[in-house]
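# Chains, contacts and geometry: an overview
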Amino acid sequence: MFIIHLGSSGFPKETTAIIQRIKLTHKGLKLAGCNPLIISKHSLNQTEKKGKLNRCYGIPYILTSILLTRPDNFIIRKLNRFSGYIGELVLLVKKRKSIYAAIFSGPSFIELVHYRFLSKILHFKLIIQYVELSSAITYKRKWYEFINARLLDNYRFFFCDGIIVISEFLKNRVYLKNNKLPLIKIPAICDFEEFKPIITIPSSNYLMYCGAIGYYSVIEFVIDLYSKLRKSDCYQGKLLLAIGQGDRDKDMSDKLYNKINECEFRESIMLFTNVPHQELINKYLSAELLIVPMRNALQDIAGFHHKVGEYCAAQKPIISTNLGEMKWYFQDGVSAILAEEYTIESYYTKLCEILPLKDKLKVIAIGGHKVGAEKLNYLIYGEKLKKFIDDL
């Protein structure tokens, strides 16, 4: 019997946080003795030399669209997306007797309703991943996206058999909306084994931030923080920015390039876009300190940045804000550096105090790694999730 993934496409090539979470969720289930199957109905990659059914990380995945690569032509691309929906429906009907449960990860309320309907008529359990407060995300929000986000945040709890939440905030929201819905909390998770073979890489002289171009205001915050550190001689190293999907939003990308060019220390800022996962790990392992700014905003408090688990696995000191899940899992000066406020001044003061204390930084890095290994390692949650699904 299969536990299948429905919703977001892109596995295994996409390196977005949601695809990484899908990968680790199903890897954990496989180690727990389940049979995972990931279904991708949209072809997002420019090159796909394999067939429709493949295997990666020991997990079988199937592509249901007619064309396995992303067509350049707009009309052909839309027709191919439609073929993916039809192919997925045919697959689900054909395999209906061997599907035990499905885990939905996706941003569409209509898709959720569609899969709930299929789960009822094909008789499989439907669990959803709840990793963000959709209505709190305002980046380039169109009117229909706003309506979709509102529907998700208010009604997703009534279209599933169980729910996986990523944070205490979202757990409390589920209890408020539907306290009878079975729930399991799985925080931001990481595969710590991916870091072990290369964890001895020596540190280079740079601070590092990793994030999507949609978080432009946060990237701007990091650049301004770095400039202040350099101007006051608190830090003389470089800044590395690893920005995801930088080529998919030209306006934001241009804005970022302009911001860097206007910076007095632009020669010391290294910008990388769409970094492959393994290369990203190497950059984490070479950094002196990793930055994950947390804003005092619902979007950040409700979620849990995927990169936190990876930062912990890299065994490097982390600086963030004493909010949300960071406050729940980490202790300032012990397992992370936690500023009291999301302000340049608060972060600057913390870093000026801690950067000269190399031994203290090592202790914090070890403490963060310990928290991550005990709380954010995907290996912990496979058996727990299997039991949760079995008990539904």
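The sections below set out a description of the structure shown in this document.

So, how was this worked out
Residues numbered from 1 in each chain as written. Predicted model: local features only at pLDDT ≥ 70, side-chain atom pairs only at ≥ 80, totals over all residues. Heavy atoms only, no water. Core = buried A, V, L, I, M, F, W, Y, C linked by side-chain atoms within 4.5 Å. Buried < 20%, exposed > 50% of the residue type's maximum accessible area, 1.4 Å probe, protein only. Contact = heavy atoms within 4.5 Å. Disulfide = S-S within 2.5 Å. Helix = DSSP H or I, 4+ residues; strand = E, 2+ residues; numbered from the N terminus. Polar contact = N/O pair within 3.5 Å; in protein donor to acceptor, adjacent residues only side chain to side chain. Axes fitted to C-alpha atoms, helices over the stretch in contact; angles between N-to-C directions. Parallel < 35°, antiparallel > 145°, perpendicular 65-115°, else oblique. Nonpolar A, V, L, I, M, F, W, Y, C, P; charged D, E, K, R; others polar. Expected span 1.5 Å × (residues − 1). Arc of directions from axis to C-beta. Pairing = 2+ DSSP bridges. Right-handed = clockwise from strand over helix to strand, strands pointing away. Phe/Tyr/Trp six-rings, centres within 6.5 Å; stacked < 30°, edge-to-face > 60°.

### Observations concerning the nonpolar core
Counting 65 residues, the largest nonpolar core has Ile163, Met208, Tyr284 and Phe330 as its most contacted members. Apart from the residues lying within four places of it in its own chain, the contact partners of Met208 are Leu240, Ala242, Leu280, Lys283, Tyr284, Ala287, Leu289, Leu290, Ile291 and Tyr311. In terms of nonpolar packing, the next biggest core, distinct from the first, is built from 34 residues, Leu225, Ile269, Tyr347 and Leu355 among them.

### As for the state of the cysteines
As used here, a disulfide is simply a covalent bond connecting the sulfur atoms of two cysteines. Tallied over the full model, the rule gives one disulfide. Cys234 shares a disulfide with Cys352; S-S distance 2.2 Å. Given an S-S torsion of about 105°, the disulfide between Cys234 and Cys352 has right-handed geometry. Placement of Cys234 in the loop between helix H6 (216-231) and strand E10 (238-244) and of Cys352 in helix H12 (residues 344-354) is noted, with a sequence separation of 118 residues between them. Cys234 gets classed as partly exposed once you look at its relative accessible area, which sits at 25%. Note on Cys312: no disulfide assigned, nearest cysteine sulfur contributed by Cys190 at a separation of 8.4 Å.

### What about the side chain of Gln20?
Looking at where Gln20 falls in the secondary structure, it is placed in helix H1 (residues 17-31). A distance of 3.1 Å separates polar atoms of two side chains, one belonging to Gln20 and the other to Lys23. Those residues in contact with Gln20 that sit more than four places away from it in its chain are Glu14, Thr15, His277 and His306.

### What to know about the packing of H1 against helix H14 (residues 382-391)
Helix packing geometry: the angle between the two helix axes and the distance between the axes. Their axes nearest at 8 Å, the elements H1 and H14 cross at an angle of 80°. What the angle tells us is that H1 and H14 run roughly perpendicular. Contacts between H1 and H14 pair Thr25, Gly28 and Leu29 from the former with Gly382, Leu385, Lys386 and Ile389 from the latter. Of the residues in the contact of H1 with H14, the class split is three nonpolar, three polar and one charged.

### What about helix H4 (residues 143-155)?
End to end, H4 covers 18 Å across 13 residues, agreeing with the expected 18 Å (1.5 Å per residue, within 8%). Listed as buried for H4 are Asn148, Ala149, Leu152 and Asp153. Down the axis of H4, the smallest arc covering the buried residues is 125°, so these residues share one side. Looking at the buried side of H4, the elements it contacts are helix H3 (109-122), strand E6 (125-130) and helix H5 (168-177).

### A look at the pairing of strand E1 (residues 2-7)
Counting buried residues along E1, five of its six residues qualify, which places the element largely inside the surrounding structure. Where E1 and strand E2 (residues 35-40) come together, four bridges link them in parallel fashion. For Phe2, the partnering residue across the bridge sits in E2 and is Asn35. The handedness of the E1 to E2 crossover, carried by H1, is right-handed. In this structure, E1 lies alongside strand E5 (residues 99-105), joined through six bridges in parallel fashion. Counted as the bridge partner of Ile4 is Ala102 from E5.

### Things to note about the side chain of Lys27
Inspection of the secondary structure puts Lys27 in helix H1. Overall, Lys27 belongs to the buried group, its relative accessible area being 12%. The contact partners of Lys27, leaving out residues within four places of it in the chain, are Tyr57, Ile59, Asp191 and Tyr378.

### Regarding the sheet that holds strand E3 (residues 53-56)
Spatially, E3-E4-E2-E1-E5-E6-E7-E8 is the arrangement adopted by the eight strands of the open sheet, whose pairing is mixed. Two strands lie at the open edges of the sheet, namely E3 and strand E8 (183-185), each paired on one side alone. The mean angle between the axes of side-by-side strands here comes to 25°, regardless of whether they run parallel or antiparallel.

### As for the packing of aromatic side chains
Remark: the centre distance and the inter-plane angle together describe each pair of aromatic rings, the angle taken between the planes. A complete count under the given rule lists 12 aromatic pairs for this structure. When the centroid spacing of 5.1 Å and the interplanar angle of 85° are considered together, the rings of Phe221 and Tyr347 count as edge-to-face. In this pair, Phe221 sits in helix H6 while Tyr347 sits in helix H12, placing the two residues 126 residues apart along the sequence. Among the residues examined, Phe221 registers a relative accessible area of 8% and is labelled buried. On the accessibility criterion, Tyr347 (0% relative accessible area) is buried. Where Phe304 meets Tyr329, the ring centres are 5.5 Å apart and the plane angle is 20°; that geometry is what we call stacked. Of the two residues, Phe304 sits in the loop between helix H9 (298-302) and helix H10 (307-313) while Tyr329 sits in helix H11 (residues 324-329), which places them 25 residues apart along the sequence. With a relative accessible area of 17%, Tyr329 lands in the buried category.

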